[in-house]
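Understanding the architecture of this molecule
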Amino acid sequence: MDVNLVLRSTRVITPEGTRPASIAVSGGTIAAVLPYDAEVPAGARLEDVGDDVVLPGLVDTHVHVNDPGRTEWEGFWTATRAAAAGGITTLLDMPLNSLPPTTTVENLRVKQEVARSKAHIDVGFWGGALPDNVKDLRPLHDAGVFGFKCFLSPSGVEEFPELDQEQLATSLAEISGFDGLMIVHAEDPHHLAAAPQRPGGAYADFLASRPRDAENTAIENLINQARRLNARVHVLHLSSSDALPALAAAKAEGVKITVESCPHFLTLTAEEIPDGATEFKCCPPIREASNQDALWQGLADGTIDCIVSDHSPSTADLKTPDFASAWGGISSLQLGLLAIWTEARRRGHTLEDVVRWMSEGPARLAGLTRKGAIEAGRDADFAVLAPDATFTVDPAELQHRNRITAYAGKTLSGVVTSTWLRGERIADRGTLAEPSGRLLERNN
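Everything in this summary refers to the structure shown in the same document. Residue positions within a chain follow its written sequence, with the count starting from 1. Local features in this predicted model are restricted to residues whose pLDDT is 70 or higher, and side-chain atom pairs enter the listing and the counts only when it is 80 or higher, whereas totals over whole chains, interfaces and linings include all residues. Only hydrogens and water are set aside; all other atoms, that is, all heavy atoms of the structure, feed into the side-chain values.

Brief notes about the packing of aromatic side chains
When two rings of Phe, Tyr or Trp (its six-membered ring) have centres within 6.5 Å they constitute a pair, described as stacked for plane angles under 30 degrees, edge-to-face for angles over 60, and tilted for the intermediate range. For the structure shown, the criterion picks out eight aromatic pairs. With a centroid separation of 5.9 Å and 75° between ring planes, the pair formed by Phe 151 and Phe 160 is classed as edge-to-face. Working definition: with a 1.4 Å probe on protein chains only, accessible area under 20% of the residue-type maximum means buried, over 50% means exposed, and in between means partly exposed. Here Phe 151 falls in the buried class, since its relative accessible area comes to 4%. Owing to a relative accessible area of 0%, Phe 160 belongs among the buried residues under this scheme. An aromatic cluster is present here, built from Tyr 203, Phe 206 and Phe 323 joined pairwise through their rings. Note that Arg 8 overlies the ring of Tyr 36, its terminal NZ or CZ placed 5.5 Å from the centroid. Lying across the ring of Trp 73, Arg 70 places its NZ or CZ 5.4 Å from the centre. Placement of a charge over a ring requires the Lys NZ or Arg CZ to be within 6 Å of the ring centre, with the centre-to-atom vector within 35 degrees of the ring normal.

Topic: helix H12 (residues 351-366)
Spanning 16 residues, H12 covers 22 Å between terminal C-alpha atoms, matching the ideal 22 Å at 1.5 Å per step. Secondary structure elements follow DSSP: runs of H or I of four or more residues count as helices, runs of E of two or more count as strands, with numbering from the N terminus. For H12, a buried count of 12 out of 16 residues is recorded, marking the element as mostly surrounded by other parts of the structure. Every buried residue of H12 is listed here: Leu 351, Asp 353, Val 354, Val 355, Trp 357, Met 358, Ser 359, Gly 361, Pro 362, Ala 363, Leu 365 and Ala 366. Under the rule applied, a polar contact is a pair of N or O atoms within 3.5 Å (in protein, one hydrogen donor and one hydrogen acceptor; residues adjacent in sequence only if both atoms are side-chain atoms). Among the residues of H12, the N-terminal cap falls to Thr 350, whose side-chain oxygen and the backbone nitrogen of Glu 352 are separated by 3.3 Å. Gly 367, located one to two residues past H12, shows a positive phi value of around 70°. Given the number of residues in a helix, its expected span is that number minus one, multiplied by 1.5 Å.

What about the state of the cysteines?
By disulfide we mean two sulfur atoms from cysteines, separated by a distance within 2.5 Å. All chains considered together, the criterion is met by zero disulfides. Residue Cys 150 stays outside any disulfide, its sulfur separated by 16 Å from that of Cys 262, the closest cysteine. On the accessibility criterion, Cys 150 (0% relative accessible area) is buried. The thiol sulfur of Cys 306 is not disulfide-bonded, and the nearest other cysteine sulfur, from Cys 262, lies at 8.9 Å. By relative accessible area, which is 1% here, Cys 306 ends up buried.

A look at helix H7 (residues 212-229)
Relative to the 26 Å expected for 18 residues at 1.5 Å per residue, H7 spans 26 Å between its end C-alpha atoms, a close match to the ideal helical length. Any pair of residues with heavy atoms lying within 4.5 Å of one another is described as a contacting pair. Next to the buried residues of H7 lie helix H4 (165-176), strand S11 (181-185), helix H5 (189-194), strand S12 (232-235), helix H8 (244-253) and strand S13 (257-261). Asn 230 lies just past H7 and shows a positive phi near 55°.

With respect to the environment of Leu 439
For Leu 439, the location among the structural elements is in the segment after strand S18 (431-432). Relative accessible area serves as the criterion here: at 22%, Leu 439 is assigned to the partly exposed category. In the structure, Leu 439 is positioned 368 residues away from Thr 71 in sequence and 19 Å away in space, judged by C-alpha atoms. In this view, Leu 439 contacts Gln 112, Ala 115, Arg 116, Val 123 and Phe 125; residues no more than four positions away in its chain are not counted.

A closer look at the sheet that holds strand S6 (residues 58-63)
Any two strands between which DSSP finds at least two bridges are classified as paired. The parallel open sheet is built from three strands, whose spatial order is S6-S7-S8. Each end of this open sheet is capped by a strand with a single partner; those strands are S6 and strand S8 (122-125). Within the sheet, the average angular offset between the axes of one strand and its neighbour, ignoring direction, is 20°. For strand S7 (residues 88-93) and S8, the ladder comprises four bridges, and the chain directions are parallel. Along S8, the bridge assignment pairs Leu 91 with Val 123. A fitted line through C-alpha atoms represents every axis, and for helices the fit uses only the stretch in contact; the resulting angles, taken between N-to-C directions, go from 0 to 180 degrees.

Examining the side chain of Thr 14
Note on placement: Thr 14 falls in strand S1 (residues 5-14). Of the polar contacts made by the side chain of Thr 14, one reaches the backbone oxygen of Gly 17; its length is 2.8 Å. When near neighbours in sequence (up to four residues on either side) are disregarded, Thr 14 contacts Arg 19, Val 33 and Ile 374.

Some points on the sheet that holds strand S10 (residues 148-151)
The six strands lie next to each other as S9-S10-S11-S12-S13-S14, forming an open sheet whose pairing is parallel. Single-partner strands in this sheet number two, and they are strand S9 (127-128) and strand S14 (306-307). When S10 meets S11, the two strands line up parallel, connected through four bridges. Residue pairing in the sheet places Phe 151 in a bridge with His 185 of S11.

Some remarks on the side chain of Asp 52
For Asp 52, the location among the structural elements is in the loop between strand S4 (45-48) and strand S5 (53-56). Charge counting follows a simple rule: Lys and Arg are positive, Asp and Glu are negative, and His as well as the terminal groups are ignored. In what follows, salt bridge is the name for a side-chain nitrogen of Lys or Arg lying within 4 Å of a carboxyl oxygen of Asp or Glu. Arg 429 provides the closest opposite charge to the buried, salt-bridge-free Asp 52, at an N-O distance of 4.5 Å. Other than its neighbours up to four places away in sequence, Asp 52 contacts Ser 9, Arg 11, Val 384, Leu 385, Ala 386 and Thr 417.

Let's talk about the nonpolar core
Side-chain atoms within 4.5 Å link the members of a nonpolar core, which is a set of buried Ala, Val, Leu, Ile, Met, Phe, Trp, Tyr and Cys residues. Leu 55, Phe 148, Met 182, Leu 238, Leu 247, Ile 286 and Leu 337 are the most contacted members of the largest nonpolar core, which totals 97 residues. In terms of residue count, the dominant contributor to this core is helix H11 (residues 336-346) (six residues). With 20 residues, the next largest nonpolar core counts Val 59, Trp 73, Leu 365 and Leu 440 among its residues.

Examining the pattern of salt bridges
Working definition: two side chains of opposite charge can pair if their charged atoms are close together. With the rule as written, the count across this model stands at 29 salt bridges. In this structure, Asp 293 and Arg 347 form a salt bridge, with 2.9 Å as the shortest nitrogen-oxygen distance. Highlighted residues: Asp 293 in helix H10 (residues 289-300) and Arg 347 in the loop between H11 and H12, separated in sequence by 54 residues.

Some details on unusual backbone geometry
The omega torsion across Asp 67 and Pro 68 is 0°, close enough to zero to call that bond cis. Structurally, Pro 68 can be placed in the loop between S6 and helix H1 (76-85). Following Cys 283, the chain continues into Pro 284 via a peptide bond in cis, with omega recorded as 0°. Backbone geometry at Asp 179 places phi at a positive 55°, although glycine is not the residue there. Looking at where Asp 179 falls in the secondary structure, it is placed in the loop between H4 and S11. Taking relative accessible area as the criterion, Asp 179 reaches 44% and is therefore assigned partly exposed.

The structure is reproduced here in structure tokens:
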């Protein structure tokens, strides 16, 4: 193989651990991970990043790009720029909040065509499972979606209705027939309906309206369905730590279930949210500090498989001061790595742990065998991090279309100095290259 790039650092995170190394790249693929002082092949360019840490590019499997149809909320151009600035080299787009939703092959093709010229990083797509589109699931699978998202409670947009338990069973039976994956927003609608609903700016009232029991019950029902149907399922954005024992037991039993959580649940707490600060609103909600401690334990023991953003932006006018009516969603594509690293190191975790949760784990979930690790044969996707640098979040410096963030004013550890996609530098200290991302399909 003709090596055209050697990326060198005193700290490269590989599956075997962190070590000084020179990464040889050929044609966008990692050709070899060589000793630090290996001779640079003739004709290859050497990029030495000194003591900055080279991580495998992050993989974010939970992003609402909202393009087309609600592009004023976000869009492939801005979302992928923000991702690149934050060390993410691959994202999977959620099937809702765009118009049309990704619930038929025709709608998938619309999404792909819109994304094709705007993607700064690699982009793949989830399909959606609705009460009336069971017939579309196999065609979507064959067209390359990575799996199917469903809601068990109202989604917030009328074009993407939730599944009841019978409809969930029908869709799961269809999807398990071709060994597909169902990813689930797991909140039980009956518990939500029974919870107190008080409009206004008090965060405590909003938190009471989305009780842990709603998550716990929905997850228990999902475990039972997955067990009965031998289906592959994934719990999205776990917020309630009370569900961890049932999830751990299901995994130990052999139920095919995986779990994600998100930076906001792992770094922000209910106790710090001011009344009226709806930039912190998401569903399920940010819970108490004690709940957060248990989620970190779930990461440490492997019950939680990965950390992804659930980037769900909106325009500023939808973030009204009333928690009941404000749009629920937190934008964190550009900041997720740094928020997690800040909290992880405080709790005694390493960057190797962060890579396992934010690169290797999401890549495994999606079956992205060329992503998620620095080893020969993988795509030459890298994030270069100055782990001891700090900065204060200024919304004006974000690449998101709507620069609303729950992290405004927070001091975070780590600065992404550059991001590389298939051996090409796509972000360099805030300067972004022209789009060069590819559209990905399952098993491709």
